[in-house]
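What the coordinates show
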Amino acid sequence: MLRHDDLTINALDASALGIFFAYLNDHLGDNGAPGTGYFQPLPRQQSEMPTDKMESFRRGLQSALGEPGWRRLWVAHSADGSIAGHIDLRAHPEAHTGHRCLLGMGVERTHRRQGLGARLLAHAEQWAAEHGLEWIDLKVLAVNEAAISLYRRNGYTCTGESADMFRFDGQAFSYVGMSKRIMPAQPGR
């Protein structure tokens, strides 16, 4: 557990996923909203957690690190117990990528632009390094300049952009790939 100001960051297990999904659906309700913009590749009217994604969280949290589909999830709780943000790491779906993982994260609207994103990244990076992972990868909508800036400030570099990757709500959206090496390659790997 890490403590920062009035927030604590803790691992979440499958028994608390109902509360997490309620938080996440509220968070996703901001996707595409005026003043927030798009941060998920979902149409405004479908900005809620899809059933298949909920199931991948359930299965992933119960899978051992290194197994296909593994996932680990941490949430930041405010002093009142509400979820202020989250971060998760998960397996790549491709074979032979066990030295890398994918990152997902979000910060609740009242806690944005206060440094929580950087604290969540540091927490996940520390866990990944302690568990022998060497790279963290992510995808972010190119219009999400605040997130791209956060990742750059924290050492992530752009690895490419897929132009016109998504089309919804009458718009085309590009997807940016970013990565960060968190530890040197292990001998023999």
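Here, the structure is the one placed above.
Here goes a summary of the coordinates provided.

Cut-offs and rules
Residues take numbers from 1 onward in each chain, read along the sequence in its written order. Local features in this predicted model are restricted to residues whose pLDDT is 70 or higher, and side-chain atom pairs enter the listing and the counts only when it is 80 or higher, whereas totals over whole chains, interfaces and linings include all residues. Values reported for side chains reflect all heavy atoms of the structure, with hydrogen atoms and water molecules removed beforehand. Each helix is a run of H or I in the DSSP string that is no shorter than four residues. Each strand is a run of E no shorter than two, and both are numbered from the N terminus. Put simply, the radius of gyration uses C-alpha atoms, and a globule should come to 2.2 Å times the residue count raised to 0.38. Shrake-Rupley sampling with a 1.4 Å probe provides the accessible areas, and residues are treated as covered by the protein chains on show and by no other component. Positive: Lys, Arg. Negative: Asp, Glu. His and the chain ends are not part of the count. The location of each charge is read from NZ of Lys, CZ of Arg, CG of Asp or CD of Glu. Each reported salt bridge corresponds to a side-chain nitrogen of Lys or Arg within 4 Å of a carboxyl oxygen of Asp or Glu. Classification of residues uses two cut-offs on accessible area relative to the type maximum, computed with a 1.4 Å probe and protein chains only: under 20% is buried, over 50% is exposed, and between them is partly exposed. In this analysis, the expected span of each helix is defined as 1.5 Å times one less than the number of residues it contains. Throughout, the arc means the angular range of directions from the helix axis out to the C-beta atoms. The contact rule is simple, with two residues in contact once any of their heavy atoms fall within 4.5 Å. Two strands are counted as paired when DSSP detects at least two bridges linking them. Geometry of aromatic contacts follows a simple scheme: Phe, Tyr and Trp rings, the Trp one being its six-membered ring, pair when their centres are within 6.5 Å, and the pair is stacked under 30 degrees between planes, edge-to-face over 60, tilted otherwise. Sitting over a ring, as applied to charges here, requires NZ of Lys or CZ of Arg to be within 6 Å of the ring centre and within 35 degrees of the ring normal.

Along its length, the protein carries 4 helices and 8 strands. Tracing the protein from N to C terminus, the helices and strands come up as β-β-α-α-β-β-β-α-β-α-β-β. Scaling as 2.2 N^0.38, a compact globule of 189 residues should have a C-alpha radius of gyration of about 16 Å, and the protein matches this with 16 Å. Referenced to the eigenvectors of the C-alpha coordinate spread, the extents of the protein come out at roughly 50 × 40 × 30 Å. Taken as a whole, the protein presents about 10000 Å² of accessible surface, with 50% of it coming from carbon and sulfur. Positive and negative side-chain charges of the protein, numbering 20 and 21 respectively, have mean locations separated by a distance of 3 Å.

Attention shifts here to the pattern of salt bridges. When charged atoms on two side chains of opposite charge get close, those side chains can pair. Applying the stated criterion across every chain, the model contains 11 salt bridges. The salt bridge partner of Asp 88 is Arg 90, with a shortest N-O separation of 3.4 Å. Owing to a relative accessible area of 3%, Asp 88 belongs among the buried residues under this scheme. Relative accessible area serves as the criterion here: at 25%, Arg 90 is assigned to the partly exposed category. Note that Asp 137 is salt-bridged to Arg 100, the shortest N-O span being 2.7 Å.

This next bit is on helix H1 (residues 17-28). Between its first and last C-alpha atoms H1 spans 16 Å; for 12 residues at 1.5 Å apiece the expected length is 16 Å, and the two agree. All buried positions along H1 are accounted for by Leu 17, Phe 20, Phe 21, Tyr 23, Leu 24, His 27 and Leu 28. The arc enclosing the buried residues of H1, seen along the axis, measures out at 160 degrees, which places them on a common side. Among the exposed residues of H1, those pointing more than 90 degrees away from its buried face are Gly 18 and Ile 19. Looking at the packing, one finds that the buried side of H1 touches helix H2 (51-61), strand E3 (71-77), strand E4 (83-90) and strand E5 (100-107).

Attention shifts here to the pairing of E3. For E3, a buried count of 6 out of 7 residues is recorded, marking the element as mostly surrounded by other parts of the structure. Pairing of strand E2 (residues 7-11) with E3 involves 4 bridges; the strand directions are antiparallel. Of the residues in E3, the one forming a bridge with Ile 9 is Ala 76. Pairing geometry for E3 and E4, over 7 bridges, is antiparallel. Across the sheet, residue Trp 74 finds its bridge partner in E4, namely Ile 87. Connecting E3 to the next strand, E4, in antiparallel fashion are 5 residues, including Gly 81 with a positive phi near 90 degrees.

This brings us to the packing of aromatic side chains. Enumeration according to the criterion identifies 11 aromatic pairs in this entry. When the centroid spacing of 5.9 Å and the interplanar angle of 55 degrees are considered together, the rings of Phe 20 and Phe 21 count as tilted. Residue Phe 20 is classed as buried on the basis of its relative accessible area of 0%. Of the residues examined, Phe 21 reaches a relative accessible area of 4% and is grouped as buried. For the pair Tyr 38 and Phe 173, a centre-to-centre distance of 4.9 Å together with 65 degrees between the ring planes defines the contact as edge-to-face. Within this pair, whereas Tyr 38 is found in the loop between H1 and H2, its partner Phe 173 is found in strand E8 (residues 171-181), the two being separated by 135 residues in sequence. Side by side, Tyr 38 and Phe 173 carry an identical accessibility label, which is buried. An aromatic cluster is present here, built from Phe 20, Phe 21, Tyr 23 and Phe 57 joined pairwise through their rings. Over the aromatic face of Phe 57 sits the side chain of Arg 71, whose NZ or CZ is 3.9 Å from the ring centroid.

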